[in-house]
Amino acid sequence: MVKNRVKGYRLLSAAVFCWLLLFSACGSNKTNETASIATDSWTIDQGKSLFASNCSACHSFRQDGIGPQLGGLTKLVSADWIHDFIRNPQAIIDAGDQRAQELFDQYHTVMPGFAHLPDRDIEGIIAFLHTQKAPNNKSSIELEDLSDPIPHKITQDDLVVELQLICQIAPSSDQMPRTRIAKLDH
């Protein structure tokens, strides 16, 4: 009788252990996907600096621009996918990746590859991206705040300004002219 109880406890213990193992594995899929993303402040600061110098001309965290907004990206795709896409976006598109193809179809352009960046720099950018939440669905400008943006009548003056066309930047494509000056330097 004692042997049967001990055997029953062992069997019950094994079943509980298997159940806990299975339960923890099922619920941790997202955690495992983001577990490889660095969370230390030094890496995030480096990523922020790299993002500002390499990515911010086309991407923000609030709205789409030349490229998509990137807030909440690490919750949508894996860090490995982001790493590979930053390294060589054309290769990801050519491989038939559905998300990459949808981005190409939407923006009609391929992001330049950053194969020259070391892995630690790309990992820093991903760590910084991981700190950025997805924007809410509201417009970035609340219309109630602008109920009367010019409260007083604008008076006319004798000032005359003459404008002369010096140069014009060609549109980036016929379908979606998103050309803009990203950086002016001396």
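These numbers come from a predicted model, not from an experiment.

1. So, the side chain of T74
Then comes step 1: Its location among the elements puts T74 in helix α4 (residues 73–76).
Then comes step 2: With a relative accessible area of 5%, T74 lands in the buried category.
Then comes step 3: Here the side chain of T74 touches H130 through a polar contact of 2.7 Å, side chain to side chain.

2. Description of the confidence of the model for the protein chain
Then comes step 1: Residue-level pLDDT values for the protein chain average 80, and 68% of them are 70 or greater.
Then comes step 2: Throughout residues 18–32 the model reports pLDDT below 50, and contacts reaching past four residues in sequence, or to other chains, amount to 1 contact.

3. Some details on the packing of aromatic side chains
Then comes step 1: Considering all chains together, one arrives at 4 aromatic pairs under this definition.
Then comes step 2: Look at F51 and F61: their rings are 4.9 Å apart centre to centre, the planes differ by 25°, and that puts the pair in the stacked class. Residue F51 is located in helix α3 (residues 41–54), and its partner F61 is located in the loop between α3 and α4; the two are separated by 10 residues in the primary sequence. Judged on exposure class, the residue F51 and its partner F61 are both buried.
Then comes step 3: Ring geometry for W81 versus F85: centroids 4.9 Å apart, planes at 10°, classification stacked. Residue W81 and its partner F85 are both found in helix α5 (residues 79–87); the two are separated by 4 residues, about one turn of the helix. Note on accessibility: W81 and F85 belong to one class, buried.
Then comes step 4: Linked through ring pairs, F51, F61 and F128 together constitute an aromatic cluster.
Then comes step 5: R99 extends its terminal NZ or CZ atom over the ring of W81, reaching a point 5.8 Å from the ring centre.

So, how was this worked out
- Residues numbered from 1 in each chain as written.
- Predicted model: local features only at pLDDT ≥ 70, side-chain atom pairs only at ≥ 80, totals over all residues.
- Heavy atoms only, no water.
- Helix = DSSP H or I, 4+ residues; strand = E, 2+ residues; numbered from the N terminus.
- Buried < 20%, exposed > 50% of the residue type's maximum accessible area, 1.4 Å probe, protein only.
- Polar contact = N/O pair within 3.5 Å; in protein donor to acceptor, adjacent residues only side chain to side chain.
- pLDDT = per-residue confidence, 0-100.
- Contact = heavy atoms within 4.5 Å.
- Phe/Tyr/Trp six-rings, centres within 6.5 Å; stacked < 30°, edge-to-face > 60°.
- Lys NZ or Arg CZ within 6 Å of the ring centre and 35° of its normal.

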